[in-house]
Amino acid sequence: MGRKSNTTDTAEAGIPESDEQMSQAYWWYFALIYLSGVMAATSIGRITPVSVDLEDDLGLSLGQVGLIASSVTAVAAVLGLAVSVVLRPLDPRRTLIGGLVVMGLAGLLVSRAGGFPLLLGGRLVESVGYVVVVIAAPVLILGLGDDGRRTVALAVWGTFMPVGLALGAFGGGLLSAGFGWRASLTVAAAATLAMAGAALYLPGAGAQAAGPEPEGPADAAVATEPRDGDGDRSADRWTRARRLARPVALGAGFATISATIVTFVALYPTYLHDEFDVPTAAAGTLTGSVSFAGVAGGFAASVLLRRGARMKYLFTAALLMPVGAFAAFGSTGGLGISMTSAVLIAVTNELVVATVFAALPLVVRTSADVGMANGVVAQLGSVGSLAGPPLMGLVVTAADGWWAVGPTLLVGCAVGVVLLRAAVGRGQRA
């Protein structure tokens, strides 16, 4: 049997068994990478159900609890791009495993903390592992190859944050209700270490650690620039700056989206407790359930993108998040209206987040720049995750009411939509 071209229709005469095995291996490896990201994201959600307990037991303020919840993204917020450059020559499998180990050990430290300084210090150490995981994981996905699966895989990868937030909040609510907040955080840390062990089954990437080879545009719709070899260095620097423009726009827009969902997950349990007298553990569980419901938006994005939906239209849906926030935090209409509106926030957020990750190959000029773009998006998205909860806590305190959440998110999301649409405006076919 002769070899067939990659462009041969595999539907003709059936798919060889080896191809079926390759497909199964692809999605098995993707599942391990995806679950690693989910476990990293639980580090944000796991603070949600114990927030009131932390306030009561350790005397923390609402702003301090918000900072503890979001500080796991601190290193990514400050050094995301730099870390992506440092990790570029390394095997992303090993860095992913190392990041999970750091997160697990730091989580054990946080579970034994007796005050705000040690809590914050442990979370900052945890943030080192977090940034490694969220940068290495998409590079591993791209290293698996097969452009036909790439858009779907990246879109599904974009759901790791809400799934992790939901798992952390829901599971943490159940554990903290039965065994206390320290036991809840200990179990989460142990699970992270177990995930690091499971990631040992991922294939080593070797030369693929740097991402796809620079053999052309990352996507056929992206306009490439000619390579001039050893041309003028100043012109080369200007070219590199221009190559960053669209990834920066995508990352800045993503920052507003990340700030919205992390703020919601961090503060909504306190709102339910304050406004509707929902018990602490139940408030965390309800918030986790809402966040998990948002995953439907990510899978909807993957389906819409496969059917040719334009990304800039999906990004515009972000304006539905502040609409939901007006009702969710409006203290009117009862618990049912608030929860329904919260689901709207979660689903819309995940629709947009999945589209952001699927857009990574579109906002670069060559496939060699995908790793760099991922670092930019991770860094700016983490800035939003880090700043959102404490800033919103300050806004709510200054306004003396939860009503301020909706207007604040409206401004942020409007800016985000403009940036996201600009990033992909000319990068996708109509």
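Residues numbered from 1 in each chain as written. Predicted model: local features only at pLDDT ≥ 70, side-chain atom pairs only at ≥ 80, totals over all residues. Heavy atoms only, no water.

(A) Structural context of the packing of helix H5 (residues 92–111) against helix H9 (residues 181–198). Where H5 contacts H9, the two axes come as close as 8 Å, and the packing angle between them is 165°. As the angle between them shows, H5 and H9 are arranged roughly antiparallel. As for how H5 packs across H9, the hand of that crossing is left-handed. Residues Ile97, Leu100, Val101, Met103, Gly104, Leu105, Gly107, Leu108, Val110 and Ser111 of H5 pack against Trp181, Arg182, Leu185, Thr186, Ala189, Thr192, Leu193, Met195 and Ala196 of H9. (Axes fitted to C-alpha atoms, helices over the stretch in contact; angles between N-to-C directions. Helix = DSSP H or I, 4+ residues; strand = E, 2+ residues; numbered from the N terminus. Parallel < 35°, antiparallel > 145°, perpendicular 65-115°, else oblique. Left-handed = near helix turned anticlockwise from the far one by under 90°. Contact = heavy atoms within 4.5 Å.)

(B) Quick peek at a nonpolar patch on the surface. Together, Trp28, Leu200 and Tyr201 make up an exposed nonpolar region whose accessible area comes to about 400 Å². Within the fold, Tyr201 resides in the loop between H9 and helix H10 (233–276). (Patch = residues over 30% accessible without salt bridge, like charges linked within 9 Å, V, L, I, M, F, W, Y side chains within 5 Å. Areas by Shrake-Rupley, 256 points an atom, 1.4 Å probe, with all protein chains shown as cover. Salt bridge = Lys/Arg side-chain N within 4 Å of Asp/Glu carboxyl O.)

(C) Up close: the pattern of salt bridges. Here the structure, examined in full by the defined rule, presents two salt bridges. Of the charged contacts, one joins Glu126 and Arg123 as a salt bridge, the two residues approaching to 3.4 Å between their closest N and O atoms. Placement of both Glu126 and Arg123 in helix H6 (residues 116–143) is noted, with a separation of three residues, approximately one turn of the helix. Among the residues examined, Glu126 registers a relative accessible area of 1% and is labelled buried. For Arg123, a relative accessible area of 1% translates into the label buried. Via salt bridges that share partners, Arg46, Arg123 and Glu126 belong to a single interconnected network. (Buried < 20%, exposed > 50% of the residue type's maximum accessible area, 1.4 Å probe, protein only.)

(D) Inspection of the packing of aromatic side chains at higher detail. For the structure on display, the rule yields 15 aromatic pairs. Their ring planes at 75° and their centres at 6.2 Å tell us that Phe160 and Phe357 sit as a pair that is edge-to-face. Linking Phe160 in helix H8 (residues 160–179) with Phe357 in helix H15 (residues 334–358), this pair joins segments that are 197 residues apart in sequence. For the pair formed by Phe160 and Phe357, the shared burial category is buried. With a centroid separation of 5.1 Å and 55° between ring planes, the pair formed by Tyr271 and Phe329 is classed as tilted. You can see Tyr271 sitting in helix H10 and its partner Phe329 sitting in the loop between helix H14 (320–328) and H15, a full 58 residues away along the chain. For Tyr271, a relative accessible area of 0% puts it in the buried group. Its relative accessible area of 4% is what places Phe329 among the buried residues. One aromatic cluster is present, formed by Phe264, Tyr268, Tyr271, Phe276, Phe329 and Trp402 through successive ring pairs. (Phe/Tyr/Trp six-rings, centres within 6.5 Å; stacked < 30°, edge-to-face > 60°.)

(E) Structural context of empty space enclosed by the protein. All told, the structure shown has one cavity of 30 Å³ or more when counted by the stated rule. As a volume, the largest cavity reaches approximately 190 Å³. Tyr130, Phe160, Met161, Phe254 and Phe357 are, among the 18 residues lining the largest cavity, the residues nearest its centre. Of all the elements in the fold, those that place two or more residues in the lining of the largest cavity are H6, H8, H10, H15 and helix H16 (370–399). In terms of residue count, the dominant contributor to the lining of the largest cavity is H16 (six residues). Its residues assigned to classes, the lining of the largest cavity comprises 11 nonpolar, six polar and one charged. (1 Å grid on protein atoms, 1.4 Å probe; cavity = no way out; pocket = protein on both sides within 12 Å on 5 of 7 lines; lining within 4 Å. Points joined across faces, edges and corners; volume = space filled by probe spheres on them. Nonpolar A, V, L, I, M, F, W, Y, C, P; charged D, E, K, R; others polar.)

(F) Spotlight on the environment of Ala245. Along the chain, Ala245 falls in helix H10. Here the alpha-carbon distance between Ala245 and Val363, two residues 118 residues apart in the chain, equals 8.8 Å.

(G) Fine view of H6. An ideal rise of 1.5 Å per residue puts 40 Å on 28 residues; H6 measures up with 40 Å between its terminal C-alpha atoms. For H6, a buried count of 22 out of 28 residues is recorded, marking the element as mostly surrounded by other parts of the structure. (Expected span 1.5 Å × (residues − 1).)

(H) Representation of H9 in the model. The end-to-end C-alpha distance of H9 is 26 Å, a good match for the 26 Å that 18 residues give at a rise of 1.5 Å each. Residues Trp181, Ser184, Leu185, Ala188, Ala189, Thr192, Met195 and Ala196 constitute the buried set of H9. The buried residues of H9 all sit within an arc of 135° when viewed along its axis, so they share a single face. (Arc of directions from axis to C-beta.)

(I) The arrangement of the nonpolar core in detail. By size, the foremost hydrophobic cluster in this structure holds 101 residues, and its most contacted members are Tyr130, Phe160, Leu250, Phe264, Phe315 and Phe329. At 12 residues, H10 tops the list of elements feeding residues into this core. Non-local contacts of Phe264, meaning those with residues more than four positions away in its chain, are made with Pro269, Thr287, Val290, Phe329, Ala342 and Ile345. Leu54, Ile68, Leu119 and Leu185 belong to the second-largest nonpolar core, a separate cluster that totals 16 residues. (Core = buried A, V, L, I, M, F, W, Y, C linked by side-chain atoms within 4.5 Å.)

(J) Quick look at the packing of H16 against helix H17 (residues 405–424). Packing of H16 against H17 brings their axes to within 10 Å, and their N-to-C directions diverge by 135°. Judged by the angle between their axes, H16 and H17 are oblique. Once H16 is placed against H17, the crossing between them reads as right-handed. Two secondary-structure elements touch here, H16 through Met392, Val395 and Val396 and H17 through Val405, Thr408 and Leu409. Each residue belonging to the contact of H16 with H17 can be placed in one class, and the counts come to five nonpolar, one polar and no charged.

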